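# Structural overview
Below, each chain spelled out in residue letters.
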Amino acid sequence: MPPTDSVAAPSRPPFKAAAAAGAAVLALYIITLAPTTAMWDAGEYMAAAYGLGLPHPPGNPFFVLLGRVFSILPIAPTAAQRINVLAALSSAVAAAIWFLVAHRVLAEWIPGRWQRLIGATIAAVIGATAFTVWHQSVVNEKVYTVALAGLALVSWLTIRWLDAPDGRSADRTLLLIAYLLGLGYANHMAGMLAAPAVIVAVIARRPRIVYRGRLIGLAVLALGLGLTPFLTQPIRAAMHPAMNTGEPTGCVQELAIDCTLSSATVERFRANANREQYPKIPLMQRQAPLGAQAAMYWLYFRWQWLGGPKGSAPLQQVIALVFLGLGLAGGYAHWRHHRQSFWYFGPLMFTLTLGLIYYLNFKLGYSQAVLRGLPFDAGTTEVRDRDYFYLWSFSTWGVWAALGLVWIWRTLAGETPDRAARRADGFSPSRRWVLAAPVLLIAFLPLAANWRGASRSGDTFTRDWAVDLLNSVEPYGILITNGDNDTFPLWYAQDVEGVRRDVTVAVTSLLGTDWYVRQIIRRPIYEYDAARGPAIYRDSTWRKPTAPPLRMTIDEADSVPSYVLLKGPQSFRKDGIAVTITGQRDAGVPGPFLTRDQILVLRFIRDSFPERGLYFSGGGFADGLGLGRYIVRQGLTDRLVALPAEQLPGIEPLQGAGYVDAERTIALWRDVYTAPETLLARGRWVDIASDGIPRHYAGTGYVVAEMLARRGDEAASAAAMATVRRILTILGVS
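What counts, and at which threshold
Residues numbered from 1 in each chain as written. Predicted model: local features only at pLDDT ≥ 70, side-chain atom pairs only at ≥ 80, totals over all residues. Heavy atoms only, no water. Buried < 20%, exposed > 50% of the residue type's maximum accessible area, 1.4 Å probe, protein only. Helix = DSSP H or I, 4+ residues; strand = E, 2+ residues; numbered from the N terminus. Pairing = 2+ DSSP bridges. Patch = residues over 30% accessible without salt bridge, like charges linked within 9 Å, V, L, I, M, F, W, Y side chains within 5 Å. Areas by Shrake-Rupley, 256 points an atom, 1.4 Å probe, with all protein chains shown as cover. Salt bridge = Lys/Arg side-chain N within 4 Å of Asp/Glu carboxyl O. Phe/Tyr/Trp six-rings, centres within 6.5 Å; stacked < 30°, edge-to-face > 60°. Lys NZ or Arg CZ within 6 Å of the ring centre and 35° of its normal. Axes fitted to C-alpha atoms, helices over the stretch in contact; angles between N-to-C directions. Parallel < 35°, antiparallel > 145°, perpendicular 65-115°, else oblique. Left-handed = near helix turned anticlockwise from the far one by under 90°. Contact = heavy atoms within 4.5 Å. Nonpolar A, V, L, I, M, F, W, Y, C, P; charged D, E, K, R; others polar. Arc of directions from axis to C-beta. pLDDT = per-residue confidence, 0-100. Polar contact = N/O pair within 3.5 Å; in protein donor to acceptor, adjacent residues only side chain to side chain. Core = buried A, V, L, I, M, F, W, Y, C linked by side-chain atoms within 4.5 Å.

### Digging into the pairing of strand β5 (residues 577-581)
Across the two faces of β5 the burial differs, with Ile-577, Val-579 and Ile-581 buried and Ala-578 and Thr-580 not buried at all. By the bridge criterion, five bridges tie strand β4 (residues 570-574) to β5 in an arrangement that is antiparallel. Residue pairing for β5: Ser-571 is matched across the bridge by Thr-580. Counted along the chain from β4 to the antiparallel partner β5, the turn is two residues long, and its residue Asp-575 has a positive phi close to 55 degrees.

Written out as structure tokens, the structure is:
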């Protein structure tokens, strides 16, 4: 039986008002838009979109195609900004759709049009200004905002179908939903998150639909049609673009129709689509206790409403409880007043919260471990905070939080049926609504509290870091990197902005794969652009190499094993370098061994050094090969030298930093590096897990200060130390 206070739903949704709300959200995002790339996957995905390449499996082909279109549209000055606009537009579209969804539910129990429009606006505002939603919507770190727009669109279409399940266009709507689910999966696996809720709602509304075999068959075909962007992957991979992660093609040498249809292509395509490079842990094998995983979600939920990761924890706890209560109240109001759409939205919220917590099966969260005082452990701790995986949950929560807030507003206005007749205060109904309206200010708390942390306006630090790191390497050098944050920004700088393409970047975490080594061998040798390069390299003549940094054929590269056992200590010599390699040990391997990435780094040295300078971005990789005596600190990098460091002129020892090329390091700090100024001008650092990058600058600044002090330049030394202290203050390091 319907509730007694239900009202007739409007025949036409307020599309113009929803568009206005979406436009306002888009304007907010444009004002706070990142001008360039950001840490983590942003550089990879921008480079993939710009070059029509393949990012890490499963490759996200729909995003790549869409991102490529946006990268060439004349809507912003740079490719990075255009791709960032895609993120902003996607989330703004989602906000407009949540406006429509909230308005449709409110239409069942709020008679006044202006009250419904305000309630719908609140849904758009809360969902759009939740910290993670906002922070991800102003830089295209990945594919999540496009997935959010798809989720919202499927939600609206499902609710429209529920209103008229027997209408003339009902079946076509279901087929469109199926198509969008498939297309969403071609963007990211999250594209299917709405599927369980759609199935529950459709069956609850029309149980007999399960007997309509033809419609179900057409829906399966429509879903398959949505997946067709995946078919672009083997074709594009066979063209060997600059980024060809997973290389899902059997065409090792060149594009040919016979090899794009070969069994090798099918197998590699299957492995890429199934993310075999990143094997999934069985769900019954929990990577952390389920309670700890739920606590991780709650930590991220707390961030959304008051300042993000750097907000006051005690106050966040209180405000989070408020928004939790609002959402639960809104869910109850939704169930009570519009049961048919609740059978979609309720299962959707379950999927996006408890369902995702269980399915994602994360290790202990990075900030969670920090708060517990635990040291980072790759085996038990995530390498970064995973709040972005719950972006869809936080955005959707805005709808229920708005419904709950309107329910409170209506109660304070005395508009519930059992109280309205007893009011004798002389105020008109509209007047009582207005007097109760201040309670709605709660909805704007995230907008005010998150602006500083979520905004990326003017933030060029990641781009500047990439350029600084590349410029630490002499022309035609090889830079050995470790992982995401010291690699993806470099891909962006080289492949999107064309900065220092002469440098070969080789990331050790990918050297263990066959496709990545092929990619390095095939990579063109780019001319060093002296005019755009640092002035410190202009006094020398740099000869362009004529061979790739690994002088191996594709077959030879493919034959390098994943590891080799060492019968005993092995000698390695190249020019003045003479080291003894003892290998590493692991409980699962019978004896010392070298891994594939270590073997290939030794090949880089054998094939290209010293003709090409060889640098490490940091870490202990060189030490693991016994090269410690041949490593010299040079700015942000560790450079391999041809003699023991202590034998080289101009190289100075410094406790805690090893041997330092003082003159080059000072010159880089003084004349080349720009990221420290960017960080100091911005005055804040939000991402706790990536603060190792600005800490690296602080360490380099300390080295520079010590070297300058040795030379008697106390003023310059003090200036360098002042910069170090300011960086550490921003990071919250005393």
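### Focus on a nonpolar patch on the surface
A contiguous nonpolar surface patch, about 440 Å² in accessible area, is contributed by Ile-199, Ile-203, Val-210 and Tyr-211. Within the element layout of this structure, Ile-199 appears in helix α9 (residues 195-205).

### Observations concerning unusual backbone geometry
Residue Pro-58 is bonded to the preceding Pro-57 through a cis peptide linkage, with omega at 10 degrees. Turning to its location among the elements, Pro-58 is positioned in the loop between α2 (42-51) and α3 (61-72). At the junction of Phe-609 and Pro-610, the peptide bond is cis and its omega measures out at 5 degrees in the coordinates. When you line up the elements, Pro-610 lands in the loop between α26 (596-608) and β7 (614-616). You will see that Trp-40, though not glycine, has its phi angle at about 65 degrees, which is positive. Counting through the fold element by element, Trp-40 comes out in the loop between α1 (15-31) and α2. Here Trp-40 falls in the buried class, since its relative accessible area comes to 8%. A positive phi angle, close to 55 degrees, is found at His-240, a residue other than glycine.

### What to know about the packing of aromatic side chains
Going through the model one piece at a time under the given rule, you end up with 39 aromatic pairs. Here Tyr-144 and Phe-389 contribute two aromatic rings whose centre-to-centre distance is 5.6 Å and whose plane-to-plane angle is 65 degrees, an arrangement assigned as edge-to-face. Linking Tyr-144 in helix α7 (residues 144-163) with Phe-389 in the loop between α17 (366-371) and α18 (391-412), this pair joins segments that are 245 residues apart in sequence. There is no split in this pair, since Tyr-144 and Phe-389 are both buried. Their ring planes at 50 degrees and their centres at 5.5 Å tell us that Phe-362 and Phe-389 sit as a pair that is tilted. Placement of Phe-362 in the loop between α16 (339-360) and α17 and of Phe-389 in the loop between α17 and α18 is noted, with a sequence separation of 27 residues between them. One residue, Lys-280, lies across the ring of Tyr-359, its end atom 4.6 Å from the ring centre. Its end group placed over the ring of Tyr-358, Arg-286 keeps NZ or CZ at 4.3 Å from the ring centre.

### Digging into the packing of helix α14 (residues 290-303) against α16
It is at 10 Å that the axes of α14 and α16 come closest, and there the two elements cross at 130 degrees. Between α14 and α16, the interaxial angle falls into the category oblique. When the axes of α14 and α16 are compared, the crossing they make is right-handed. Taking contact as the criterion, the partners of Leu-290, Gln-293, Ala-294 and Tyr-297 in α14 are, on α16, Thr-353, Ile-357 and Tyr-358. Among the residues making up the contact of α14 with α16, the classes are represented as five nonpolar, two polar and no charged.

### A few points about helix α20 (residues 429-436)
Within the span of α20, buried status applies to Arg-432, Trp-433 and Ala-436. Around the axis of α20, the buried residues are gathered within 105 degrees of arc, so they sit on the same side. On its buried side, α20 packs onto α5 (113-129) and α18.

### Quick look at the confidence of the model for the protein
Averaged over the protein, the pLDDT score is 92; the fraction of residues at 70 or greater is 95%. In the model, residues 1-8 has pLDDT below 50 throughout and makes 15 contacts with residues more than four positions away in sequence or in other chains.

### Some points on the environment of Ser-90
Along the chain, Ser-90 turns up in helix α4 (residues 79-106). For Ser-90, a relative accessible area of 8% puts it in the buried group. Linking Ser-90 and Arg-214, residues 124 residues apart in sequence, is a C-alpha distance of 33 Å.

### Examining the pairing of strand β8 (residues 631-634)
Residues of β8 alternate between two faces, with Ile-631 and Arg-633 on one and Val-632 and Gln-634 on the opposite face, all of them buried. With four bridges joining them, β8 and strand β9 (residues 637-640) adopt antiparallel strand pairing. When the sheet's bridge partners are listed, Val-632 is paired in β9 with Arg-639. Between β8 and the antiparallel strand that follows it, β9, lie two residues; Gly-635 among them carries a positive phi value of about 65 degrees.

### Concerning the side chain of Gln-368
In this structure, Gln-368 sits in helix α17. A polar atom in the side chain of Gln-368 sits 2.8 Å from the backbone oxygen of Ala-292. Apart from residues no more than four positions distant in its own chain, Gln-368 is found in contact with Ala-292, Ala-295, Met-296 and Leu-299.

### Describing the nonpolar core
One finds Tyr-344 and Trp-392 to be the most contacted residues of the largest nonpolar core, which totals 218 residues. Broken down by element, the residue count for this core peaks at 17 residues, all from α4. Dropping the residues within four chain positions of it, Tyr-344 is found in contact with Leu-151, Val-154, Ser-155, Thr-158, Leu-162, Ala-194, Ala-197, Val-198 and Ala-201.

### Examining the environment of Arg-113
Residue position: Arg-113 is located in helix α5. On the basis of relative accessibility, which here comes to 55%, the residue Arg-113 falls in the exposed class.

### As for the pattern of salt bridges
It is possible for side chains bearing opposite charge to pair when their charged atoms get close. Across all of its chains, the model carries 29 salt bridges by this definition. The residue Asp-171 makes a salt bridge to Arg-212 at a minimum N-O spacing of 2.6 Å. With a gap of 41 residues between them, Asp-171 in helix α8 (residues 170-187) and Arg-212 in the loop between α9 and α10 (213-226) connect regions that are remote in the sequence. Several salt bridges converge on common partners, so that one network encompasses Glu-247, Arg-268, Asp-514, Arg-518, Arg-522 and Asp-558.

### Details of the packing of α7 against α16
α16 packs onto α7 with a crossing angle of 155 degrees between their chain directions and a minimal axis gap of 8 Å. When the interaxial angle is binned, α7 and α16 end up roughly antiparallel. Pair α7 / α16 crosses with right-handed handedness. Here α7 contributes Leu-151, Val-154, Ser-155, Thr-158, Ile-159, Leu-162 and Asp-163 to the contact with α16, which in turn contributes Gln-340, Ser-341, Tyr-344, Leu-348 and Leu-352.

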